[in-house]
Amino acid sequence: MFDQDTLQSRAKPACRAMPDHHYLRWYRPMLAAAIATFSVLAYAQDDTPPRTTTTTAAIASANVLATEAGFETLAQGGNAVDAAIAVATSLSVVQPEASGLGGGFLALIHDAATGKDTFIDSREMAPQAVSEADYLNADGTPNRDTSLNGPLAAGIPGMPAGLAYMAEKYGKLPLAVSLRPAIRLADEGFHPSGALVRSITRKEEVLRRYPASTSKFFPDGKAPQETGIFRDPGQGATLKAMAERGADGFYKGPVAKEMVKAVKAAGGTWTLADLASYQAKERAPIELDYAGYKIVTAPPPSSGGVAVAEMLNILAPIDLKSMDEAHRIHYLVEAMRRAFRDHNEYLGDPDFVKMPLNMLLSPYYADGLRQSILPGQATKSAWLPSVAVKDPGMHTTHFSIIDKDGNMVSMTATVNTTLGSGFVAGSSGVLLNNEMDDFALVAGQPNAFGLIGGSANAAVGGKRMLSSMTPSFVVGKDRLAVIGSPGGSTIITQVFGAILAFIDGKDAGQITAQKRIHHQFMPDRVDIEKGSDIPADVLAKLEEMGYEINDADSWGNMNVVVWDRARNLKTAASDPRNPNGLGKVEAVH
Ligand code: GLY
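Note that the structure is a prediction, hence the values are computed from the model and not measured. (Residues numbered from 1 in each chain as written. Predicted model: local features only at pLDDT ≥ 70, side-chain atom pairs only at ≥ 80, totals over all residues. Heavy atoms only, no water.)

Engineer: Let's hear about the confidence of the model for the chain: which residues, and what values?
Structural biologist: Predicted confidence across the chain gives a mean pLDDT of 88, with 87% of residues reaching 70 or more. Per-residue pLDDT stays below 50 along residues 1-53; that stretch engages in 116 contacts with residues further than four places along the chain or on separate chains. Here residues 388-394 scores under 50 on pLDDT; set against residues more than four positions off or in separate chains, the count is 33 contacts. (pLDDT = per-residue confidence, 0-100. Contact = heavy atoms within 4.5 Å.)

So, in structure tokens, the structure goes:
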């Protein structure tokens, strides 16, 4: 979530009128500022001839320095995968509040030469000694401090293994070359963003509990300033160890020993064996057809792809365009409600849990769900068999890349909540995640996000916690999009809305700017982003149908690249709600 002050400071004059479009009309008010930004960053599109060629690459990420790191790596002869490694590791340095080496990621890769789409699961895993007792107070109630702060909150990181795997199997450059921009940023420093400065200030109490966190985030005894230079030599040294020894530079040897020593000294349970056993996994993505487009999205341990597929399957035969706005929103929300009901009921780590994926992804299952939608009335979530879902988190990061050859990467990476566990593992400089909280840690008890655990997502040593991260591709005959966003459970409805907007003909700037709408079964209310232009009579009609409408603060931080192959035009856009992002299109030779 972004502060209003930063949003306003970003406002620029509108550059042209937008077409009046049917079922996404409520997103319109953000478009003007976004298009202005977009035209600067990603070039004008309707009024000028396409300036792109087949040697053009596009990158959109949540931080300008990370986007530039990606282009630097392409200029070295790298492909989209090498650029993704540079972007992810640069974000680890410049946007540590959202993701990093001490966290994990889920990514889709498209290999243009073979046409293959694949999924890299670098989700964190529970250490072997995980114990429910560590997350309970003496009176048996959940201990939210241990599940969110400090080393017990941290799963074994997945990002270093996943990046090394991607470099080896799908990259063109040695890992050491792709890591150069991040090493330089860590060693030479950078101006910290306002978001990073505010995150450090807000998490000060937790960060100051740990000496290495204090020296990393309060280098002169106080929080960094946006006008100052922030350096991260500890992380720079760890990146250099990875440049020399690949994943072993992180999971074995001096860095691993230092992290385990620091974790144990602060009451955590990690062992060298936990680190040495971590492996990134390559999995088959979920694929489905919707409105003549192929949707490629994240399989478990993400719940996001399954939920998005369920929503699209429910909507598939419905003619949304012929409906009035209230009924369009009604059907979108009822699809969200039903997909979210299944969200945490069935899903977990596919290596540990048997999941009814054939059922959940089946059009026949969707037929049944669709038939349960009442034409002019909200279904109360309480009428459906109950499961609880977590509230949206506003953390994590997503970036999208298409290189000059058409290779693509859609990566969502996270340390879970802002600045993760707040625990920096000694001199490694690695800020550890607090992803253990994404497990249903205490049976029958809600965790910090209101999640009541099913056994599918119970914490077991070596198991990966369920995620909402939903990196996706949408591929049509002439146009394709690389899509994703942070935002906890809202990721799923953001990606759903972005897919529909893209299929509706929107470009990257329009997709990221559109106003958002979210329903996640529980709480039983429709969040509509503040500033939406849904007319009052439509809102009144929705309330008449039985909906509770919530005028919600902005959420998400979407980064999208669109390739219009018919017009030979790429567009890249960073979320206009984020003042630090950059979507950029550039010729690369
Ligand atoms: N930690 C947020 C998610 O993976 O969904």
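There's more to say after this.
Engineer: Describe the side chain of Ser 92, with residues and values.
Structural biologist: Among the secondary structure elements, Ser 92 is positioned in helix H4 (residues 80-94). Among the polar contacts listed, one links the side chain of Ser 92 to the backbone nitrogen of Leu 101, at a separation of 3.0 Å. For Ser 92, the residues in contact, after removing those within four places along its chain, are Ser 99, Gly 100, Leu 101 and Gln 235. (Helix = DSSP H or I, 4+ residues; strand = E, 2+ residues; numbered from the N terminus. Polar contact = N/O pair within 3.5 Å; in protein donor to acceptor, adjacent residues only side chain to side chain.)

Engineer: So what's going on with the site of the ligand? Which residues, and what values?
Structural biologist: Around the ligand lies a shell of 8 residues, among which Asn 416, Glu 435, Asp 438, Ser 467 and Ser 468 are the nearest. Contacts to the ligand include Arg 123, whose side-chain N or O atom sits 3.0 Å from an oxygen atom. In the complex, 96% of the free accessible area of the ligand, which totals 200 Å², lies under the protein chains. Across the shell around the ligand, the residue classes tally to 1 nonpolar, 3 polar and 4 charged. (Near = heavy atom within 4 Å. Areas by Shrake-Rupley, 256 points an atom, 1.4 Å probe, with all protein chains shown as cover. Nonpolar A, V, L, I, M, F, W, Y, C, P; charged D, E, K, R; others polar.)

Engineer: Quick one: what's the story with the pairing of strand E14 (residues 559-564), residue by residue and with numbers?
Structural biologist: The element E14 is largely enclosed, with a buried count of 6 among its 6 residues. On E14, burial covers both faces: Asn 559, Val 561 and Trp 563 on one face and Val 560, Val 562 and Asp 564 on the other are all buried. Of the pairings in the sheet, the one linking strand E10 (residues 479-483) to E14 comprises 4 bridges and is antiparallel in character. Opposite Leu 480, over in E14, you have Trp 563 as the bridge partner. Both E14 and strand E15 (residues 569-574) contribute to a ladder of 6 bridges, which runs antiparallel. Bridging from a neighbouring strand, Val 562 pairs with Thr 571 of E15. Connecting E14 to the antiparallel partner E15 that follows it, the hairpin turn spans 4 residues, and Asn 568 within it adopts a positive phi of roughly 55 degrees. (Buried < 20%, exposed > 50% of the residue type's maximum accessible area, 1.4 Å probe, protein only. Pairing = 2+ DSSP bridges.)

Engineer: Before we move on, can you summarise helix H8 (residues 180-188) with the specific residues and values?
Structural biologist: Residues of H8 that are buried: Pro 181, Ala 182, Ile 183, Leu 185 and Ala 186. The elements touched by buried residues of H8 are helix H3 (64-75), H4, helix H7 (175-178) and helix H12 (233-245). Downstream of H8 by one or two residues, Gly 189 has phi in the positive range, about 90 degrees.

Engineer: Help me get a handle on the nonpolar core, residues and values and all.
Structural biologist: Counting residues in each nonpolar core, the largest one holds 82 residues, and the members touching the most others are Ile 295, Met 311, Leu 312, Leu 315 and Val 474. Among the elements that line this core, the one with the most residues is helix H20 (residues 490-503), at 10 residues. With residues near it in sequence (within four places) discarded, Val 474 still touches Tyr 293, Lys 294, Ile 295, Arg 479, Leu 480, Ala 481, Ile 483, Ile 499, Phe 502 and Ile 503. (Core = buried A, V, L, I, M, F, W, Y, C linked by side-chain atoms within 4.5 Å.)

Engineer: So what's going on with the pairing of strand E5 (residues 286-290)? Which residues, and what values?
Structural biologist: Alternating positions in E5 separate cleanly, Ile 286, Leu 288 and Tyr 290 being buried on one face and Glu 287 and Asp 289 remaining unburied on the opposite face. As paired strands, E5 and strand E6 (residues 293-297) are joined by 5 bridges and run antiparallel to one another. Counted as the bridge partner of Asp 289 is Lys 294 from E6. Where E5 folds back on E6, the antiparallel hairpin that results is connected by 2 residues, among which Ala 291 adopts a positive phi of roughly 50 degrees.

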